[in-house]
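# Coordinate inspection notes
Here are the chains, one letter per residue:
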Amino acid sequence: MKRVLLALSVGVAVLLAACGGSTTGNNPATGGSGVPTPPQASLIGTGATFPAPFYDAARFAYNQKFSQATINYNALGSGAGISQLTKKVVDFGASDVPMNAAELTAAGGSDKVVQIASTLGTESLAYNLSGVSNGKLKLTPKTIAGIFLGTIKNWNDPALAADNSGVSLPSQAISVVHRSDGSGTTYIFTDYLSTISTDWKGKVGKGKSVSWPVGQGAKGNEAVATTIKQTPGAIGYVELAYVIQTNMTQASLQNHDGNFVIPSPDGATAAASQFLAISPTQFSIVDAPGKTSAPISGYSWLMLYKDQADKNKGTALVDFLDWLVTDGQQYAVNVHYAKLPSNIVNDDINSLKTVTSGGSTLLNVPAPS
Amino acid sequence: MVPPPLVAASRQRRLVSGDRLFRVIAYGAAGLIMLIAVLFLIALVVPALPAITKFGLAFFTSRTWDPVRDQFGALTPIYGTLVTSAIALLIAFPIGLGAALFLAEEARLSLLRGPLSFLIELLAGIPSVVIGLWAFFVLTALMRDKVDPFLNHTLGFLPLFGGTPTGYGFLTAGLVLAIMVLPIMIALSRDVIRAVPRELREASLALGATNAETIWSVILPYARVGITGAVLLSLGRALGETIAVTMVIGNTMQISASLFASGYTLPSVIANEFTEATGNVYLGSLFYLGVVLVLITIAVNVLARLLIWRFSGSGRVAG
């Protein structure tokens, strides 16, 4: 009996593998709008925690659609994502900041690794001020830099009052809350501060962890959100998803065009579409021009090797990533990330088309329109 | 016909070979533990090498921690670790010793003894992350609204209690650590006090000393070394505690005289930053912090073991 079952399961597996191999390509019955059907494979990825809710929702949905492809993702942080990809113990890595020149050299050279933008996030400045309801606090690049540099110490500072006529700001010390763990959220926020303030650029700079002039650190978006909620007079940068999920009050931010906007996924997409030439070396989209652009936005990235040793796995990988940047984007919206703009989707697909195994291209989809 | 001595000899030989087997297993197990310890130290030091070669001993005196410019120093987290642990011991020592004396001396016939011992064991069994959660959601607000303002009002002339309380920082972290080391402090001190020979106690009472005098001039001097060991073992626990401290210390790279200020500890820096530390020197510096922490805790634990061993081994007043 056992033997029969075994034979049966092997048979099914072979059949599935054969199906996967033969129908790769444009199959409307299974693949929908030009999404290729992957071969049977089990893939492992490791990396950033920032986009993990999106990846988890997406890989689950992909497995529902194509049960022969299983994608595992361990949210161990961008550092682990890059080092495990370099050691080739995972099929793909994820990082909030693309691999830099030194990391690419360690991975065998910049021409060996493909990096694609996978999702888009935006950040809010959440605050705890009794009597100042959601969106009522208006912050300009100048006051934001002042608060985080520690030059604006009290909520009744004249600089804040000038932008907030009609709002009664209390005489209360400002408690700055920032991330204590290294994170892409911090990178995007300090990238923003470095862009709008030369003082910040010179004294602190940008990075996933920085030497903060003021404030206290909390570990993870959740802890920053809770610390702000618990501390009267607190302000901090929090990923939009957490602000929405936990009903925090957030500030209206003055963008590059001078408009005050409340950060939203649409604002992030608007900001991203202002930058047409995004690459792993030129990827900053903070302080974007445009009427509705959310000023503190950024991409998250996925990395894979250009030459895939295992053709089967490599094919499944590019098929999954092709789906992730197209149809899979709907799962980003569900967890309050923003959809990739179409120019980035095209760049991603073109990058994925350069992935090969034994010299032949693995992704068979029509050229993006 | 086989002579009896031969039978005895073969049985003995069998015994001897059994002995050998046992010896091999025992030596093997002991050797394995040492091998694991050595491999662990190598695995800790090797990744730290980029930082050790770049910063050397200046690492211990530098207050800079700037991942953007790849400049790192351990002085700030070392300071935070020592300050929070010191606060913890200052609070836990008198309370722990009092409770231990109560359990060992006063409560021998009391109905309280059973429930109290049970509660202490319960406290020891609460995972640190749960204590951290409670501290993060309850204690920080209590400190910010009640305890810190009171201290600031009454003792604010001291720089220790100056500044604006936010509820997070050295004092809150020290208090959390005190709660966590109390069970160790109480249990070890109680055992040490109980080990004081009955004759000494009785002799003191027979000479006309009161109970309090007996405790003060006979029992405590005798148990002094053992109690010091208990304090040091508590210190070892406090130095390495990570998650609960990370949740309330405020995670700020600063050295401040005020106990209300946010700070940082060695384990908190490592736990916070390793996930996104991508550079060799950055990651190496985190490992270097790990080396520092291991060296401090090993020194404290060895000292504690020596003291306790000396106390129980010699069976007399030592030191």
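Residues numbered from 1 in each chain as written. Chains lettered and ligands numbered in written order. Predicted model: local features only at pLDDT ≥ 70, side-chain atom pairs only at ≥ 80, totals over all residues.

### Topic: the overall build of chain B
If you tally the helices and strands in chain B, you get 10 helices and 2 strands. Secondary structure elements of chain B, listed N to C terminal, follow the sequence α-β-β-α-α-α-α-α-α-α-α-α. Here the C-alpha atoms of chain B give a radius of gyration of 25 Å, more than 25% beyond the 20 Å that 2.2 N^0.38 yields for 319 residues. Here chain B, with 319 residues, has 40% of them falling under the buried criterion. Within chain B, contacts between residues separated by at least 24 positions form 76% of all contacts whose residues are at least 6 apart in sequence. (Helix = DSSP H or I, 4+ residues; strand = E, 2+ residues; numbered from the N terminus. Rg over C-alpha atoms; globule rule 2.2 N^0.38 Å. Buried ≥ 20, exposed ≤ 12 C-beta atoms within 10 Å, placed from the backbone. Contact = placed C-beta atoms within 7 Å.)

### Observations concerning the overall build of chain A
When you go through chain A residue by residue, the secondary structure sums to 15 helices and 14 strands. Of all 369 residues assigned to chain A, the portion counted as buried reaches 53%.

### Quick word on unusual backbone geometry
The phi torsion at His 336 of chain A lies on the positive side, around 70°, for a residue other than glycine. Mapped onto the elements of the fold, His 336 of chain A is located in the loop between helix H14 (329-334) and helix H15 (342-352). Of the residues examined, His 336 of chain A has 20 C-beta atoms within 10 Å and is grouped as buried. Although it is not a glycine, Asp 70 of chain B sits at a positive phi angle of roughly 60°.

### So, the nonpolar core
The nonpolar side chains of a soluble globular protein tend to be buried, and buried together. Of all hydrophobic cores here, the largest spans 105 residues; its most connected members are Leu 125, Tyr 127, Ile 228, Phe 320 and Leu 321 of chain A. Taken together, domain 1 (2-121 + 298-361) and domain 2 (124-276 + 287-295) of chain A each give at least three residues to this core, which thus spans both. Excluding its chain neighbours within four sequence positions, the residues that come into contact with Ile 228 of chain A are Ala 126, Tyr 127, Asn 128, Val 177, Ala 234, Ile 235, Gly 236 and Met 248 of chain A. Core analysis: the next-biggest nonpolar cluster, separate from the first, contains 81 residues, Leu 139, Ile 215, Phe 274 and Phe 287 of chain B among them. (Core = buried A, V, L, I, M, F, W, Y, C linked by C-beta atoms within 7 Å. Domains from an automatic or database assignment.)

### Quick word on the domain arrangement of chain A
Residue and element names in this part refer to chain A. According to the domain assignment, chain A consists of domain 1 (2-121 + 298-361) and domain 2 (124-276 + 287-295). Every element with two or more residues in the side of domain 1 that touches domain 2 is listed here: strand S4 (113-127), strand S12 (297-305) and H15. Residues of the side of domain 1 that touches domain 2, tallied by class, amount to 10 nonpolar, 6 polar and 2 charged. (Nonpolar A, V, L, I, M, F, W, Y, C, P; charged D, E, K, R; others polar.)

### Considering the interface of chain A and chain B
Taken together, the 29 residues of chain A in the interface contact 22 residues of chain B. Top contributing element to the side of chain A that touches chain B by residue count: helix H4 (residues 78-86) of chain A, with 4 residues.

### Details of the sheet that holds strand S10 (residues 252-254) of chain A
Residue and element names in this part refer to chain A. Sheet architecture is open: 3 strands sit in the order S5-S10-S11, paired in mixed fashion. Only two strands of the sheet have a single neighbouring strand rather than two, namely strand S5 (138-139) and strand S11 (260-261). Where S5 and S10 come together, 2 bridges link them in parallel fashion. Considered in S10, the bridge of Lys 138 is made with Ser 252. (Pairing = 2+ DSSP bridges.)

### Brief notes about the pairing of S12 of chain A
One face of the sheet, then the other: side chains in a regular strand alternate in exactly this way. All names here are of chain A. Of all 9 residues in S12, 9 are buried, a share of seventy percent or more. Neither face of S12 is left uncovered, since the one carrying Ser 297, Tyr 299, Trp 301, Met 303 and Tyr 305 and the one carrying Gly 298, Ser 300, Leu 302 and Leu 304 both have all their residues buried. In this sheet, S12 lies alongside strand S3 (residues 92-95) in antiparallel orientation, the contact comprising 3 bridges. Bridging across to S12, Ser 95 finds its partner in Trp 301. As paired elements, S4 and S12 share 9 bridges and run antiparallel to each other. Counted as the bridge partner of Ile 116 is Leu 302 from S12.

### Examining the packing of helix H13 (residues 311-325) of chain A against H15 of chain A
All names here are of chain A. Remark: H13 packs on H15, axes separated minimally by 10 Å, with the N-to-C direction vectors making an angle of 175°. As the angle between them shows, H13 and H15 are arranged roughly antiparallel. Of H15, the residues touching H13 (which contributes Val 318, Leu 321, Asp 322 and Val 325) are Val 345, Asp 348, Ile 349 and Leu 352. Here the contact of H13 with H15 is composed, by residue class, of 6 nonpolar, no polar and 2 charged. (Axes fitted to C-alpha atoms, helices over the stretch in contact; angles between N-to-C directions. Parallel < 35°, antiparallel > 145°, perpendicular 65-115°, else oblique.)

### Looking at the pairing of strand S2 (residues 69-74) of chain A
All names here are of chain A. Side chains Ala 69, Ile 71 and Tyr 73 project from S2 onto a buried face, and the interleaved Thr 70, Asn 72 and Asn 74 project onto a face without burial. Across 6 bridges, the pairing between strand S1 (residues 41-47) and S2 is parallel. Each residue of the ladder has a partner; that of Ala 41, found in S2, is Ala 69.

### A look at the confidence of the model for chain A
Note that predicted coordinates carrying low pLDDT should not be read in detail. On average, residues of chain A score 87 in pLDDT, and 90% of them are at 70 or above. Across residues 4-32 of chain A, where pLDDT falls below 50, the model places 26 contacts with residues more than four positions away in sequence or in other chains. (pLDDT = per-residue confidence, 0-100.)

### Side note on the packing of helix H3 (residues 113-125) of chain B against helix H5 (residues 170-194) of chain B
The description of two helices packed together rests on the angle between their axes and the distance between the axes. Residues and elements named next belong to chain B. Orientation of H3 relative to H5, taken along the N-to-C sense of each, is 135°, at an axis distance of 8 Å. In terms of orientation, H3 and H5 fall into the oblique class. Relative to H5, H3 is oriented so that their crossing is left-handed. On H5, the residues that touch Ile 120, Leu 123 and Ala 124 of H3 are Leu 182, Pro 183, Ile 186 and Ala 187. (Left-handed = near helix turned anticlockwise from the far one by under 90°.)

### Some points on H13 of chain A
The α-helix winds at 3.6 residues per turn, so residues separated by three or four positions along the chain end up facing the same way. In this model, H13 of chain A (15 residues) spans 21 Å end to end at C-alpha, consistent with the 21 Å of a helix rising 1.5 Å per residue. Within H13 of chain A, 13 of the 15 residues are buried, which leaves the element mostly enclosed by the surrounding structure. (Expected span 1.5 Å × (residues − 1).)

### Looking at the environment of Val 177 of chain A
Residues and elements named next belong to chain A. Mapped onto the elements, Val 177 comes out in strand S6 (residues 175-179). Residue classification places Val 177 among the buried residues on the basis of 29 C-beta atoms within 10 Å. Considering only alpha carbons, one finds Val 177 and Lys 229, 52 residues apart in sequence, at a separation of 11 Å. When sequence neighbours within four positions are dropped, the list of residues in contact with Val 177 reads Gly 215, Gln 216, Ala 218, Val 224, Thr 227, Ile 228, Ala 234 and Gly 236.

### With respect to the confidence of the model for chain B
Summary statistics for chain B give a mean pLDDT of 88 and a share of 91% for residues scoring 70 or more. Ignoring residues within four places in sequence, the model shows residues 315-319 of chain B, a span with pLDDT below 50, making 7 contacts including any to other chains.

### A short note on the environment of Ala 304 of chain B
Residues and elements named next belong to chain B. Within the secondary structure, Ala 304 sits in helix H10 (residues 280-314). The sequence separation of Ala 304 and Ile 227 amounts to 77 residues, and the corresponding C-alpha distance is 9.6 Å. Setting aside residues up to four positions removed in sequence, Ala 304 forms contacts with Gly 229, Leu 232, Leu 233 and Gly 236.

### Concerning the environment of Ala 107 of chain A
All names here are of chain A. Examined against the element boundaries, Ala 107 turns out to sit in the loop between helix H5 (101-106) and S4. Given 20 C-beta atoms within a 10 Å radius, Ala 107 is considered buried. For the pair formed by Ala 107 and Tyr 305, sequence separation is 198 residues and the distance between their alpha carbons is 8.9 Å. Setting aside residues up to four positions removed in sequence, Ala 107 forms contacts with Leu 85, Thr 86, Met 99, Lys 112 and Val 113.

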